[in-house]
Amino acid sequence: MHVLSTPIEYLKGVGPIRAELLRKDLRIFTYEDLLMHFPFRYVDKSNIHSISSVNEEISYVQFKGKIVKFEEKGAKRSKRLIARFRDSSGEIELIWFKSIKWIKSSINLDKEYLVFGKPSFFGGKVNLVHPDLDVIEDSVKDFRGLHGVYSSTEKLINKGLNSRGLSKLIANLIPFLQNSIDESLSDIIMKKYKLPRKQDALINIHLSKDLKELERSQKRLKFEELFFLQLHLIKTKIIRNNKFIGYPLSHLGENFNTYFKNHLKFELTNAQKKVIKEIRLDVKNNKQMNRLLQGDVGSGKTVVALLSMLMALDNGFQACIMAPTEILAQQHFTSISEELKEMNIIVDILTGSKKTKSRRELIENLENGKIQILVGTHALLEDYVKFNNLGLVVIDEQHRFGVAQRAKLWKKNKFPPHILVMTATPIPRTLSMTIYGDLDISIIDELPPGRKVIQTLWRSDSSRLNIIRFMREQINLERQIYIVFPLIDESAKLDYKNLIEGYDSVVREFPLPEFQVSVVHGQMKSADKEYEMNRFVSGLTNIMVATTVIEVGVNVPNASVMIIESAERFGLSQLHQLRGRVGRGASQSYCVLMSGNKVSNEGKTRLKTMVDTNDGFKIAEVDLKLRGPGDMMGTKQSGILDFKIADLLTDGKILAFARKEADELLKDDIELLKSENINIARFYRPYARERMGWSRIS
Ligand code: ADP
Ligand code: MG
């Protein structure tokens, strides 16, 4: 058996009770698990100070000397053990409030000690509370340097396994490891990035002689962690691409060219051009496209989708576009039909509410290939929907569609169609490389020219009257207004009450017949919802009071004001999505964030970020900092973002290099057969097996 898989109870200093706790509380079963229990921070023990020279600027001190006397003071709760500790320059007090008995019995007045701790200054005297205490001859031989601080649990601490106890266990473990840790990277990569060997990195991550050594070790382990994930994701992608031949959409023909030359009303932005080129490169060969298109709200993804679908048509294929709601599907259908009205292209729509008779006819025309572009909702996934030859699928607003649903679309054909997934939720690059590492990614990072920047204001209740006056002005200018209330599951009832009260007070301020106010919320029947939405879309109502049901995609260019109530309760990306509902027309638009007077610091950061920037990618970066990757992506449970040491917030550079190396390596050694990659191959095999469970193939 490999040393690393030795059960933890065999380690000196562990024993059955501690072993049980280590397993239970820290999931440490083997030597390897202990070795992989990395410190979460470090303290520098490289200096020995002299007592007389300590001042308040020094945050940690280490002295060498003897305990000359100790005594217990106080009773019960205030009971403490005080030891006088002396070096050649002076004297301080060491103080313990806990484990007094045990410490007292272990102190030896004849021996020289190293004490380490955070000094507190009290009436001109220095003392150390609960210092680390080491007899010099016992202490690890290279005691100087950076020592790891470990997370532990209450139960473990009671059994002597606080951070320090754990570090002693690791010190016991290290002598067994000499030459027993297999290298997992190739010499080429280690040389190129000046990475230390795995063996050294794993030891020095616990105990480093200086900061430089520690940082080298951290870099090595982070690189390794990110490298193997990227290797896995890219390999998955390559295998899929090789396995699934796509339909080659090899030429641009009449449809694409006619639309582009005669009907496209604007010049494409450079970002749109770049993305269309990327898509074109994907689909023109025997490769099945799986591309994620990220672009902020209003960046013009629809035209990219349309041009891509025309590529399919030009090669004799059908295309479809799927939207998450009926309203959005309807909007796409209307605008695509409008765009293509002078061209000879058959466009149709399929949603859940389509009447059976016309549905039957639609299916027939879909199967015989008459319908060239089909717009729809989830209804497209139904088994009865069969295409004649579906060449390309566009999925709009990806986050509402699960992986399984995408897989379903695939099966509608002999070969899987090309897939373009579009999302308006910008994701920081580090995250998208990880979560969507097996998809190709295109980014539209530029808005069409001439957009007026939405003005964002943060206001509290005391400004209510001003806001109402402002709303009247806007309505007089024939603009429309959204007012959004939060909806958070746990308190749905309360939220509903807020919404209805809000609605009532809006109606009071904006009464019939002069004003029309709509309300839409989750507890309404969907037909009623649609009815109210449509009234707003077609300009019949001035104000739409709603919960976040309107968040996704609705396009009402005439709406110029978005008022968000209790804005501090919304997440950043949601606020950004909501704001994206306005600013779609020619007029200046506004977003008003209403908050209570008491807002948490995090809430303040969110609102301030919204006021400061309209850039979705910048907002996503802040969001990532505030919430962390798992929460941000709602993928906490999937495990893909559970890194041991890498941190997507700070390790973007390492990630980029790791991805590049993985990419280049797989280009000429997809099976990892080259002798130079032997270490990588050996490590990768079990790694891949473990990951198989949650590999995400769209
Ligand atoms: P989204 O990316 O949010 O789906 P849309 O595709 O709905 O954005 O585009 C938003 C608006 O911008 C639409 O009215 C569209 O016609 C317009 N638009 C898109 N691209 C351009 C461009 N290059 N120049 C001018 N207007 C554009
Ligand atoms: Mg859109």
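Everything numeric here is computed off the predicted structure, so don't read it as measured data.

Calculation notes
- Residues numbered from 1 in each chain as written.
- Chains lettered and ligands numbered in written order.
- Predicted model: local features only at pLDDT ≥ 70, side-chain atom pairs only at ≥ 80, totals over all residues.
- Heavy atoms only, no water.
- Helix = DSSP H or I, 4+ residues; strand = E, 2+ residues; numbered from the N terminus.
- Buried < 20%, exposed > 50% of the residue type's maximum accessible area, 1.4 Å probe, protein only.
- Contact = heavy atoms within 4.5 Å.
- Areas by Shrake-Rupley, 256 points an atom, 1.4 Å probe, with all protein chains shown as cover.
- Lys, Arg positive; Asp, Glu negative; His and termini not counted.
- Charge placed at Lys NZ, Arg CZ, Asp CG, Glu CD.
- Near = heavy atom within 4 Å.
- Polar contact = N/O pair within 3.5 Å; in protein donor to acceptor, adjacent residues only side chain to side chain.
- Nonpolar A, V, L, I, M, F, W, Y, C, P; charged D, E, K, R; others polar.
- Core = buried A, V, L, I, M, F, W, Y, C linked by side-chain atoms within 4.5 Å.
- Pairing = 2+ DSSP bridges.
- Axes fitted to C-alpha atoms, helices over the stretch in contact; angles between N-to-C directions.
- Domains from an automatic or database assignment.
- Expected span 1.5 Å × (residues − 1).
- Arc of directions from axis to C-beta.

> Help me understand the overall build of the protein in this model?
The number of helices and strands found in the protein is 23 helices and 23 strands. If you line up the protein on its principal axes, its C-alpha atoms span 100 × 70 × 40 Å. Buried residues in the protein amount to 52% of all 698 residues. Long-range contacts, defined as pairs at least 24 residues apart, comprise 73% of the intrachain contacts of the protein with a sequence gap of at least 6. When the accessible area of the protein is evaluated, it comes to approximately 34100 Å², of which 51% is carbon and sulfur surface. Looking at the protein, you have 105 positive and 85 negative side-chain charges, and the mean spots of the two groups are 2 Å apart.

> Would you explain the site of ligand 1 in this entry?
The local shell around ligand 1 holds 15 residues, among which Gln272, Gly298, Lys301, Thr302 and Arg451 are the closest. Ser299 is positioned with one of its backbone polar atoms (N or O) 3.5 Å from an oxygen atom of ligand 1. One of the side-chain nitrogen or oxygen atoms of Lys301 is found 2.7 Å away from an oxygen atom of ligand 1. Relative to its free-state accessible area of 570 Å², ligand 1 is covered by the protein chains to the extent of 75%. Residue composition of the shell around ligand 1, grouped by class: 4 nonpolar, 6 polar and 5 charged.

> I keep staring at the environment of Met632 and nothing clicks. Help me out?
With respect to the secondary-structure elements, Met632 resides in helix α21 (residues 616–633). Of the residues examined, Met632 reaches a relative accessible area of 14% and is grouped as buried. A sequence separation of 24 residues divides Met632 from Lys608, and the C-alpha atoms of the two residues are 19 Å apart. Dropping the residues within four chain positions of it, Met632 is found in contact with Pro426, Pro428, Leu431, Ala620, Asp623, Leu624 and Arg627.

> Just checking my understanding: could you explain the nonpolar core for this structure?
Side chains of a nonpolar character, in soluble globular proteins, are inclined to be buried together. Counting residues in hydrophobic clusters, the biggest one holds 57 residues, and the most contacted among them are Phe223, Phe227, Leu231 and Leu374. The element best represented in this core is helix α8 (residues 211–243), accounting for 8 residues. Once residues lying within four places of it in the same chain are set aside, the contact partners of Phe227 are Leu185, Ile189, Ala658, Glu661, Ala662, Leu665 and Ile680. With 43 residues, the next largest nonpolar core counts Met311, Ala323, Met343 and Met422 among its residues.

> I keep staring at the sheet that holds strand β11 (residues 290–295) and nothing clicks. Help me out?
The strands making up a sheet are joined through hydrogen bonds of the backbone, oriented either antiparallel or parallel. Ordered in space as β13-β14-β12-β15-β16-β11-β17, the 7 strands form an open sheet in which the pairing is parallel. The sheet is open, and its two edges are formed by β13 (347–350) and β17 (440–444), each paired on a single side. Strand-to-strand twist in this sheet, taken as the mean axis angle between neighbours without regard to direction, amounts to 20°. Alignment of β11 against β17, held across 5 bridges, turns out to be parallel. Pairing of Arg291 across the sheet is with Asp440, part of β17.

> Explanation requested: the domain arrangement of the protein in the structure shown.
The accessible area lost on association of the parts is a frequent measure of interface size. What the domain assignment reports for the protein is domain 1 (44–149), domain 2 (254–285 + 300–423) and domain 3 (455–613). For domain 1 versus domain 2, the separation of C-alpha centres amounts to 72 Å.

> How should I be thinking about the sheet that holds strand β20 (residues 517–520) in this particular structure?
Strands sit in the order β18-β23-β22-β19-β21-β20 across an open sheet of 6 strands; the sheet is parallel. What marks the edges here is a single partner per strand, and that holds for β18 (455–460) and β20. With strand direction ignored, the average angle separating the axes of adjacent strands in the sheet is 20°. Of the strands in this sheet, β18, β19 (480–484), β22 (559–564) and β23 (590–595) touch helix α19 (residues 572–579), which is tilted by about 155° from β22.

> What is the right way to look at helix α22 (residues 652–668) in this model?
Count 3.6 residues to each turn of an α-helix, and residues three or four apart come out pointing the same way. For α22, which comprises 17 residues, the first-to-last C-alpha distance of 25 Å matches the rise-based estimate of 24 Å (1.5 Å per residue) to within 8%. Within the sequence span of α22, burial applies to Ile654, Leu655, Ala658, Arg659, Glu661, Ala662, Leu665 and Leu666. Down the axis of α22, the buried side of the element spans an arc of 165°, and every buried residue falls inside it. Opposite the packed face of α22, turned more than 90 degrees from it, sit the exposed residues Lys653 and Lys667.

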